[in-house]
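Okay, here's what each chain looks like letter by letter:
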Amino acid sequence: DSVQIPDDRDFGAFRAQCESESGWSLTYSKGGVGVWVQLLEPERALHKIKCRMECRDVPAETLYDVLHDIEYRKKWDTNVIETFDIGRLTANSDVGYYAWRCPKPLKNRDVVTLRSWLPMGSDYIIMNYSVKHPKYPPRKDMVRAVSIQTGYLIEGTGTKSCTITYLAQVDPKGSLPKWVVNKSSQFLAPKAMKKMYKACLKYPEWKQKHDPHFKPWLFPEQSRLPALSLSELSLQHADSLENIDESSLAESKEDRGEGSDEDS
């Protein structure tokens, strides 16, 4: 039951899930973005979601940089409340904290995850799962969610184009209302993908002005993070966390207005 750093088999299994068709139902397809859902436990709103987007004018390596660059994420990810890296495990794995806004009137969520990455020529994988770190216990003002497995497969399709597949199996801790599950697959996931795409287009110019040569995900010797040992971590099991029943909450009116598909 100890915390393990993913190996090649784990990355291979993640890739196979990203590429697999069976057991998934398509819930959204529009403008080069597709969303599929796999319901695991309908009564608990525990589901897997897969979102794929074709990115024209964005090289695979730029998208990979954007997903890694925590300073840039604070600029473009409007759902982020707080995010920071906690420590480094190996040249291609670290532990980090991420807190995000949930649709009102739900409580906001946070996670502590072990993240690993693997460049494979013009393709890349970044994936994570939840761990416990003694210095970052659950907070009173957040619900600690559990990432069972979440990640990205980036596939280069040309010198200036790529496809990204986002796969998430997250236990949001708490009985969520059906509208949240539907909204996340129909609206929030595609919107997040489009926002990420726009962020990629602006990244090269932004990076030129912000520590342009600092990319510790490519050059591990640049890392400024303290070294962490696996023995400091333990697996975060969903059943050890408090369950919050939010299943009867109705969607708040001011949130409903977000339904426009175009992000300004």
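Please read these numbers as outputs of a predicted model, since none were measured by experiment.

J.: Help me understand the overall build of the protein chain in this model?
T.: Within the protein chain, the secondary structure is distributed over five helices and 11 strands. Counting across all 264 residues of the protein chain, residues that qualify as buried make up 49%.

J.: How should the pairing of strand 5 (residues 93–100) be read in this particular structure?
T.: When a strand is regular, its side chains alternate between the sheet's two faces. Taken across its eight residues, strand 5 has seven buried, putting it largely inside the fold. Where strand 4 (residues 80–90) lies against strand 5, eight bridges are found, and the strand directions are antiparallel. Considered in strand 5, the bridge of Asp 85 is made with Gly 96.

J.: Before we go on, may I ask you to explain the state of the cysteines in this structure?
T.: Here is the idea: a disulfide is a covalent bond, and it sits between the sulfur atoms of two cysteines. In the structure shown here, the tally under the stated rule is zero disulfides. The thiol of Cys 55 is unpaired, and the distance to the nearest cysteine sulfur, on Cys 162, comes to 4.4 Å. Owing to a relative accessible area of 1%, Cys 55 belongs among the buried residues under this scheme. Looking at Cys 162, the relative accessible area reads 1%, which means it is buried.

J.: It is not clear to me how the packing of aromatic side chains should be interpreted in this structure. Could you clarify?
T.: Between two aromatic rings, the relevant description is the distance of the centres plus the angle of the planes. Using the criterion set out here, one finds eight aromatic pairs in the structure. Measuring from centroid to centroid gives 5.7 Å for Tyr 98 and Trp 100, while their planes differ by 20°, and the two rings are stacked. A connected cluster of aromatic rings, assembled from ring pairs, spans Tyr 72, Tyr 203 and Trp 206. Sitting above the plane of the Phe 214 ring, Arg 224 keeps its charged end 3.8 Å from the centroid.

J.: When you look at the nonpolar core in this model, what are you seeing that I'm missing?
T.: Residues Leu 63, Leu 67, Ile 154, Ile 164 and Met 196 are the most contacted members of the largest nonpolar core, which totals 32 residues. Secondary-structure elements contributing two or more residues to this core are strand 2 (33–41), strand 3 (46–56), helix 2 (60–68), helix 3 (70–76), strand 7 (123–132), strand 9 (146–158), strand 10 (161–171) and helix 4 (178–209). Counting residues per element, this core draws most heavily on helix 4, at seven residues. Setting aside its immediate chain neighbours within four residues, Ile 164 contacts Cys 51, Arg 52, Met 53, Cys 55, Leu 63, Leu 67, Tyr 152, Leu 153, Ile 154, Met 193 and Met 196. In this structure, Val 3, Ile 86, Val 112 and Leu 233 belong to the second largest nonpolar core, which totals 13 residues.

J.: I'm lost on the environment of Pro 105 in this one. Help?
T.: Mapped onto the elements, Pro 105 comes out in the loop between strand 5 and strand 6 (109–120). The exposure class of Pro 105 is partly exposed, given its relative accessible area of 38%. Sequence separation between Pro 105 and Leu 249 is 144 residues, and the spatial gap between their C-alpha atoms is 7.1 Å.

J.: Whenever I open this one, the side chain of Arg 144 confuses me. Can you help?
T.: Examined against the element boundaries, Arg 144 turns out to sit in strand 8 (residues 143–144). Classification of Arg 144 by relative accessible area gives buried; the value is 5%. Reaching out from Arg 144, the side chain makes a polar contact with the backbone oxygen of Tyr 136 at a distance of 3.1 Å.

J.: Where do I start with the pairing of strand 7 in this structure?
T.: With nine of its 10 residues buried, strand 7 lies for the most part within the structure. Sheet topology places strand 6 next to strand 7; eight bridges connect them, and they run antiparallel. Note that in strand 7 the partner of Ser 116 across the bridge is Met 127. Across two bridges, the pairing between strand 7 and strand 11 (residues 234–235) is antiparallel. Its bridge partner lying in strand 11, Lys 132 is registered against Ser 234.

J.: Just checking my understanding: could you explain helix 1 (residues 8–19) for this structure?
T.: Three or four residues apart is the spacing at which side chains of an α-helix point the same way, because the helix has 3.6 residues per turn. With 12 residues, helix 1 should cover 16 Å at 1.5 Å per step; its first-to-last C-alpha distance of 17 Å lies within 8% of that length. Inspection of helix 1 places Phe 11, Phe 14, Arg 15 and Cys 18 among the buried residues, and these make up the whole buried set. The buried residues of helix 1 occupy an angular sector of 100° when the element is viewed end-on, so they sit on one face.

J.: For this particular structure, what's the right way to read the confidence of the model for the protein chain?
T.: Looking at the protein chain, pLDDT values average 87 and 84% of them are 70 or higher. Confidence scores differ between elements of the protein chain, with helix 5 (residues 253–256) showing the lowest mean pLDDT of 52 and helix 2 the highest of 97.

J.: What is the right way to look at the pattern of salt bridges in this model?
T.: Once their charged atoms are close, side chains differing in charge can pair, the charge on each being opposite to the other. Scanning the entire structure with this criterion turns up 15 salt bridges. Between Asp 110 and Arg 144 there is a salt bridge; the shortest N-O distance is 2.8 Å. Here Asp 110, found in strand 6, pairs with Arg 144, found in strand 8; they are 34 residues apart in sequence, far enough to count as distant. Because the salt bridges share partners, they merge into one network encompassing Arg 15, Glu 19, Asp 123 and Glu 155.

Criteria and thresholds
Residues numbered from 1 in each chain as written. Predicted model: local features only at pLDDT ≥ 70, side-chain atom pairs only at ≥ 80, totals over all residues. Heavy atoms only, no water. Helix = DSSP H or I, 4+ residues; strand = E, 2+ residues; numbered from the N terminus. Buried < 20%, exposed > 50% of the residue type's maximum accessible area, 1.4 Å probe, protein only. Pairing = 2+ DSSP bridges. Disulfide = S-S within 2.5 Å. Phe/Tyr/Trp six-rings, centres within 6.5 Å; stacked < 30°, edge-to-face > 60°. Lys NZ or Arg CZ within 6 Å of the ring centre and 35° of its normal. Core = buried A, V, L, I, M, F, W, Y, C linked by side-chain atoms within 4.5 Å. Contact = heavy atoms within 4.5 Å. Polar contact = N/O pair within 3.5 Å; in protein donor to acceptor, adjacent residues only side chain to side chain. Expected span 1.5 Å × (residues − 1). Arc of directions from axis to C-beta. pLDDT = per-residue confidence, 0-100. Salt bridge = Lys/Arg side-chain N within 4 Å of Asp/Glu carboxyl O.

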